[in-house]
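Residues per chain are reported as follows:
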Amino acid sequence: MKKLLIIGQVWPEPTSSAAGTRMIQLIDCFKKAEFEITFACAASKSDYSFDLISKGIKEVEIQLNDESFDDFARELNPEIVLFDRFMIEEQYGWRVSKECPNALKILDTEDLHFLRNARQEATKKGIEFTEDLLFSDLAKREIASILRCDLSLIISKKEIEILQNQFKIDEKILYYLPFLENEITEEKINSWKNFEEREHFMFIGNFIHEPNFNCVQTLKKEIWPILRKKLPKAELHIYGAYATQKVLQLNNSSERFFIKSRAENARKTMSNYKVLLAPINFGAGVKGKFIDAMQTGTPSVTTTIGVEAMKESFDWNGFVEDNFEAFVEKAVLLCNNESEWKIAQQNGIKILNKNYNKTKFEADLLEKIKSIEADLIQHRNQNFIGQLLQHHHHQSTKYMSLWIEQKNKNLLK
């Protein structure tokens, strides 16, 4: 069996975030291909960390800036190493290259952090987002990480377009891999609650993720004050893991605006609601909340940023509106009009089955990996800038890490 080492930023929490779901989907993909998988992480576990051992995955706790990782990696000697986001590659990439030089290095970007950050800054400053804002120090770090790896998994075609057009990244080291979803079958459709059995509006999103809190603020200040007057019996329920006091204090029963905190099962919870509201102002990647909505037959109203790279040529699973008044009108329409609601639901089925059906992507990913492994040296030679960055990064990161390591040892004396 081939060995796969996954180095996680955190222990996966699929009930808390789309990133956690994405990681479990990747694990399942490699598990089907009969890889021996080890998941290593320096973070502490939470009550919501997924039980990887139940899937036959070996869990290993590792240390930051500690030579014990070198011994661990050398002994494991994996054929493939997958880094969970670029920050993890920065921390461990040089150690992997030193101890396992022949291991294929894969970066799962989750989403492009520099893109999300640039859009967030534009929103905060009240300025129009332009491509000039992409060229930041964060972009230099993230793209350098992409170049140092043999393959980077990109969840959005829009992000691949940015990497290729704005930053001239070779397509050979980029791989489009969306969420890997089960097909929506007739059996599943028949199990959904119908229009009459559902009520109210909802939003869901991990509150560690800044775009989600911003979205809730927009709902509270701009959308719901208008919408609740048009629908006097409707309520808006807000779900999300890690809700802080600034989120909880938004709860107001007199306004029918309820903070519900964590949903233990996002899809089961969502299946009770008529419409998902998500006026997303900034972000990147692909939004897991809309995947959940399609999987539960729940129409949504969102923004252009919300649907970015998701619907492609299909009509949306609801409506796309950037104007607040139009957003409210479409929310009312979906809530009151069963015909429009069913059309939206059918659109979601088409989008998910065509764009996110895992049977379309899993085998191709494994084939791509196999083709790179067959001539890894040539693959790396075609990415000389990556080799150059790796050389200099290894030197700078190595000595900084060794300095921290020695400092920690001195503190223990």
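The rules behind these values
- Residues numbered from 1 in each chain as written.
- Predicted model: local features only at pLDDT ≥ 70, side-chain atom pairs only at ≥ 80, totals over all residues.
- Heavy atoms only, no water.
- Salt bridge = Lys/Arg side-chain N within 4 Å of Asp/Glu carboxyl O.
- Helix = DSSP H or I, 4+ residues; strand = E, 2+ residues; numbered from the N terminus.
- Expected span 1.5 Å × (residues − 1).
- Buried < 20%, exposed > 50% of the residue type's maximum accessible area, 1.4 Å probe, protein only.
- Contact = heavy atoms within 4.5 Å.
- Polar contact = N/O pair within 3.5 Å; in protein donor to acceptor, adjacent residues only side chain to side chain.
- Pairing = 2+ DSSP bridges.

By the naming in an unreviewed UniProt entry, the protein goes by Glycosyltransferase family 1 protein and is assigned to Empedobacter tilapiae.

Draft legend 1. Local environment of the pattern of salt bridges. If you walk through the whole model with that rule in mind, you get 26 salt bridges. Ionic pairing is found between R267 and E181, a salt bridge with its closest N-O pair at 2.9 Å. In this pair, R267 is assigned in helix α10 (residues 266-270) and E181 in the loop between β7 (174-176) and α7 (186-191), connecting sequence segments 86 residues apart. With a closest N to O distance of 2.7 Å, K330 and E321 form a salt bridge.

Draft legend 2. Representation of helix α4 (residues 113-125) within the structure. If you check α4, its first and last C-alpha atoms are 18 Å apart, about what 13 residues at 1.5 Å a residue would give, namely 18 Å. Within the sequence span of α4, burial applies to H113, F114, L115, R116, A118, R119, Q120 and A122. Within two residues after α4, G126 carries a phi angle of roughly 70°, on the positive side.

Draft legend 3. Helix α14 (residues 338-355), seen in detail. The end-to-end C-alpha separation of α14 is 26 Å, in line with the 26 Å expected for 18 residues at 1.5 Å each. Residues of α14 that are buried: W341, A344, Q345, N347, G348, I349, I351, L352, N353 and N355. Next to the buried residues of α14 lie α7, α11 (288-295), β13 (318-320) and α13 (324-336). Two to three positions downstream of the cap, the backbone nitrogen of S339 sits 3.0 Å from a side-chain oxygen, assigning the N-cap of α14 to N337.

Draft legend 4. Main features of the pairing of strand β6 (residues 151-154). Of the two faces of β6, the one holding L151 and L153 and the one holding S152 and I154 are both buried throughout. Relative to β6, strand β5 (residues 104-108) runs parallel, the two being bridged by three bridges. Across the sheet, the residue bridging to L107 is S152, located in β6.

Draft legend 5. Broad picture of the side chain of R22. Within the secondary structure layout, R22 lies in helix α1 (residues 18-32). From its side chain, R22 meets the backbone oxygen of P178 in a polar contact 2.9 Å long. If sequence neighbours within four positions are ignored, R22 has contacts with D108, E110, L153, I155, L177, P178 and F179.

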